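An overview of the molecular structure
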Amino acid sequence: MDISIRTGTSNHLVEINDIYNHYVIHSNATFDTLIWGYERRLKWFDQFNTPSDLYHLMVATCDGEVVAFAYNAQFKERQAYSTSSEVTVYVKPSFEGHGLGSKLYHALFNKIALTSIHKLYAAITIPNIASIKLHEKHGFHFVGTMKEVGFKNGAYHSVSLFEKTVNTQSAQH
């Protein structure tokens, strides 16, 4: 399997949507309940084209096809949160178990290390042992669980929050 990891572009958005919408329909990993259209994904992509260069999108491709993606995004809207970021990764189901999440996170975290981001957060719908292990492998630590915070597919779901310190230097704003 010849996998390439690189920065995601607008050319990847249709395939990113295909992967993400699978999880919208078939899992509780995302609390979205409606699939994303192209226009929504295009607007989402704008966050990666800002002068701040805080947020990054990475894709894994196999034979030119996007098979996984990872990104970091705004953690919360308020300005004091600007040095924190949320990360996530999605892998096409037929490519799970090949270490793509780790490869993507490695590339993503290298880019984040060059920014003023201080803390990374991952919100994981539980149970999800594979995602928890992935994040722990990359230095994330459990910080708490929000009980029954989401309702999807006829049931309440809890979300555990994991945290990682990236940069220990003071932010320059």
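Quick note: structure is the one above.
Below: a short report on this structure.

1. Concerning the sheet that holds strand β7 (residues 155–165)
Pairing in this open sheet of seven strands is mixed, and the strands run β1-β2-β3-β4-β5-β7-β6 from one edge to the other. Lying at the two open borders of the sheet, with one neighbouring strand each, are β1 (3–7) and β6 (141–152). Strand-to-strand twist of the sheet, defined as the mean angle between neighbouring strand axes without regard to direction, takes the value 25°.

2. Side note on the packing of helix α1 (residues 13–26) against helix α2 (residues 38–45)
Working note: a packed helix pair is described by the angle between its axes plus the distance between those axes. Here α1 crosses α2 at 110°, and the two axes come no closer than 10 Å. In terms of orientation, α1 lies roughly perpendicular with respect to α2. Across the interface between the two elements, L13, V14, I16, N17 and Y20 from α1 touch Y38, R41, L42, W44 and F45 from α2. Partitioned by chemical class, the residues of the contact of α1 with α2 number eight nonpolar, one polar and one charged.

3. Focus: α1
Here α1 contains 14 residues, and its C-alpha end-to-end distance of 20 Å stays within 8% of the 20 Å for a straight helix at 1.5 Å per residue. Buried residues of α1: L13, I16, N17, I19, Y20, N21, Y23 and V24, and no others. Buried-residue contacts for α1 involve α2, β2 (57–62), β3 (65–74), β4 (84–91) and β6.

4. Examining the environment of T115
Tracing the chain through its elements places T115 in the loop between α3 (100–112) and β5 (119–126). Here the alpha-carbon distance between T115 and S4, two residues 111 residues apart in the chain, equals 24 Å. Once you skip the residues sitting within four places of it in the chain, T115 turns out to touch D53, L54, H56 and N167. Side-chain polar atoms of T115 contact the backbone oxygen of I112, separated by 2.7 Å.

What counts as what
Residues numbered from 1 in each chain as written. Predicted model: local features only at pLDDT ≥ 70, side-chain atom pairs only at ≥ 80, totals over all residues. Heavy atoms only, no water. Pairing = 2+ DSSP bridges. Helix = DSSP H or I, 4+ residues; strand = E, 2+ residues; numbered from the N terminus. Axes fitted to C-alpha atoms, helices over the stretch in contact; angles between N-to-C directions. Parallel < 35°, antiparallel > 145°, perpendicular 65-115°, else oblique. Contact = heavy atoms within 4.5 Å. Nonpolar A, V, L, I, M, F, W, Y, C, P; charged D, E, K, R; others polar. Expected span 1.5 Å × (residues − 1). Buried < 20%, exposed > 50% of the residue type's maximum accessible area, 1.4 Å probe, protein only. Polar contact = N/O pair within 3.5 Å; in protein donor to acceptor, adjacent residues only side chain to side chain.

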